[in-house]
Each structure stands twice: as structure tokens, then as C-alpha cells.
Amino acid sequence: MKKYYFLIFFVLLLMIAGCKTDQDTDKKGTFLGGSEGVTVEFVNLAPPSQFNQDEDVRLRVLLKNKGEARVATGNTKVRIFGVQVSDFGLTSAYKSNLGPLEAAGEFTKEGGEQEIDFGTIRYKPEIINQADFTLRTRLCYPYQTKVLTDVCIKSLIGEEADEGVCDLAGEKLASGDVSSAPIQVTSLTQQTRGSDQVRIDIVIENKGPGDVFLIDETCENLDNDVKRLNAKNKVKVKVNSPVDVKCSFRTGEPSNQGVVVLDDNTKKETLSCWKDVEETIVDKLSLELSYLYRDQAIKEVTIFQGRS
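Participant: Looking at this structure, how should I read the overall build of the protein?
Facilitator: A tally of helices and strands in the protein yields three helices and 15 strands. On C-alpha atoms alone, the protein measures out to a radius of gyration of 26 Å, which is more than a quarter above the 19 Å that the 2.2 N^0.38 rule sets for 308 residues. Dimensions of the protein, computed from C-alpha atoms along their principal axes, come out at roughly 85 × 70 × 30 Å. The 308 residues of the protein split such that 44% are buried. Within the protein, contacts between residues at least 6 apart in sequence are counted, and of these 74% link residues at least 24 apart. When the accessible surface of the protein is summed, it comes to about 16,700 Å², and 48% of that surface belongs to carbon and sulfur atoms. Computing the positive centroid from 39 side-chain charges and the negative centroid from 47, the protein places the two 4 Å apart.

In C-alpha cells:
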């Protein structure tokens, strides 16, 4: 008899666990999430890590779009830097992607990829025995981060009335609320602002390996020291909904769009926004962050004296 009751108890546990699994599956967010965008790496053996001075070797890099924003044809820029490029038979000009880099999605976890071919290289100056070099490739591309999350629209009066529709306390971001990209919204919290407004604090952070720049600049302009410093750490933010949300940007009047400047040390900043409240509701907050992102890859090579 005891075995019979134990079997029933075990079956009930399995049924409860199955229900929880189904509930968790239903709670998937809008996005895959993550902190990756477009990555760059040297193609294996192009160039090899060691070769002779009198050899012509190929130089190619591979781009992979691991984030959730599509990059159009020609918008991804790559160039070789960090050495006297003319010594290798190269120029400092950028090369672009010849086709679109599709975004990562439900069916393609790593999105599109594409090779950029720089042709062949041969080191021209004289080498005695051998010499070591560090080849660097610079990647620059426009990208977007999107956020879609539930927020509680409640005033101080609504808080005191305790209507039970939603709660202002706690972190509002959940898994899948932010698209995969190097610039992330890492926190979203709320509080009342006066008697008839709700405040929304949005933490924006550079979680990628590279640097972020103002979307209005060009990759070519960022090679100029002055223009690069003026554009660094700037992210354009737009609140798509609710339509009457206003945010406090550093310049201009409060608006639903403007530029956020990330701290150079912490790589993050908090944007404070607010909304007038007429009644307590749960609403969708939709954000769009636009920027240029710049990263690099390196390749250590040793070139031996030619045999001729």
C-alpha cells in the first residue's frame, strides 16, 4: 500500500514539474539577448603566422554578425592598420561588405558572415634573419540595440490607492527584453515623480570589447583624433513608446530622443525619463539605441629573410 501511495506522489511531482517547464517556456522574451554585434577575425592561414620575405601570401578577414541588427551592404568597414601598410603592398583604405550581414535570429543563431579579401601581401624592406610584426584589422560599423519591456505607469496617488495593477518596485528588465548588441540596457527601474508622474531610470552600458561613437559620424572621420574624441562614447536614444515619454538629455529640451554620453571609465550612464499618469496601467516601453561601433583583431606574424 505504501508503494502505491509513493507511486502516486511521484507521478504528481512529475506533473507539477512539467507544468512549470511549460510556464517557463511561455515566458520567452522578444529577443535572443547577449552582448555581441559584428565580430572580425583573420582567416586561418591568411596570412600564416610565419612566412618568407619573398613569398606572396593572402590576407583575408572574416566578419560574423552575432547580434540582432542587420547591417546593410557597404556599411561594414574594415582596414589594416598598426604597421606601415605600404611596406606590405597594402593601402590604408577601408574595404566594405559586398552583401548584407543578416542579423542573428530564431533560426540562425549567429546571423550572416562574410569574408573581406585584401589580396596578397609581400614585405618589401630588407630583413636580416627574421622580423616580428603585429598586423591589426580595424572594424567599424553602424548598429542598433532595441528594448521592449513592460513598465508600470503609476503615480503617487495610484501608489497610495494600491490598486494592485502593477508594482513600481524592483528591476523591470527580464530575459529577452534587450536585443543582442554591444551596447546594452542593463537596468530599468521606476519610482514616482511628483504626484502625477512616473520616473523611469535606464542604465545604458558598453558591454562589448570595442568603443562606441556617435552614429552621425563616419568610419573614415573616426581615424581623425579630434573627430574621434568628440564622437566617442555617444549613443543616440529614441523612445518609440509610450509616445509622451520625455527624457533629460545633456543638451536641448526634454524630449523622447537625444544623445547619451557614457562615462569614459565605467562605460555606462543612466538616462532619466518621465511620463504623466492619468490612470494605473501596464504599458510597453520601446527603446531604440543607434551608434557606430569600432573593434579590432590582431595577428602576430614572423617574416624570415628571403632565400634568394
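Participant: How should the sheet that holds strand β9 (residues 197–206) be read in this particular structure?
Facilitator: Neighbouring strands of a sheet are bound in pairs by backbone hydrogen bonds; such pairs are parallel or else antiparallel. Strand order in the open sheet formed by four strands is β8-β9-β14-β12, and the pairing between neighbours is antiparallel. Two strands in the sheet have a free side with no partner beyond their single neighbour: β8 (183–192) and β12 (246–247). Here β9 pairs with strand β14 (residues 268–276) via nine bridges, running antiparallel. Its bridge partner lying in β14, D201 is registered against S272.

Participant: What is the right way to read the nonpolar core from this model?
Facilitator: Nonpolar side chains in soluble globular proteins generally cluster together in the buried interior. Membership of the largest hydrophobic core comes to 62 residues, with the highest contact counts inside it found for V185, I202, I204, L289 and Y291. In terms of residues, this core owes the most to one element, strand β7 (residues 130–153), which gives nine residues. Grouped together as the second largest cluster of nonpolar side chains are eight residues, C140, C219, A231 and L292 included.

Participant: How should the pairing of β8 be read in this particular structure?
Facilitator: The two faces of a sheet get side chains in turn, since along a regular strand they alternate between them. Sheet topology note: the β8/β9 ladder contains nine bridges and is antiparallel. Looking at β9, one finds that Q184 is bridged to E205. Connecting β8 to the antiparallel partner β9 that follows it, the hairpin turn spans four residues, and G194 within it adopts a positive phi of roughly 70°.

The rules behind these values
Residues numbered from 1 in each chain as written. Predicted model: local features only at pLDDT ≥ 70, side-chain atom pairs only at ≥ 80, totals over all residues. Heavy atoms only, no water. Helix = DSSP H or I, 4+ residues; strand = E, 2+ residues; numbered from the N terminus. Rg over C-alpha atoms; globule rule 2.2 N^0.38 Å. Buried < 20%, exposed > 50% of the residue type's maximum accessible area, 1.4 Å probe, protein only. Contact = heavy atoms within 4.5 Å. Areas by Shrake-Rupley, 256 points an atom, 1.4 Å probe, with all protein chains shown as cover. Lys, Arg positive; Asp, Glu negative; His and termini not counted. Charge placed at Lys NZ, Arg CZ, Asp CG, Glu CD. Pairing = 2+ DSSP bridges. Core = buried A, V, L, I, M, F, W, Y, C linked by side-chain atoms within 4.5 Å.

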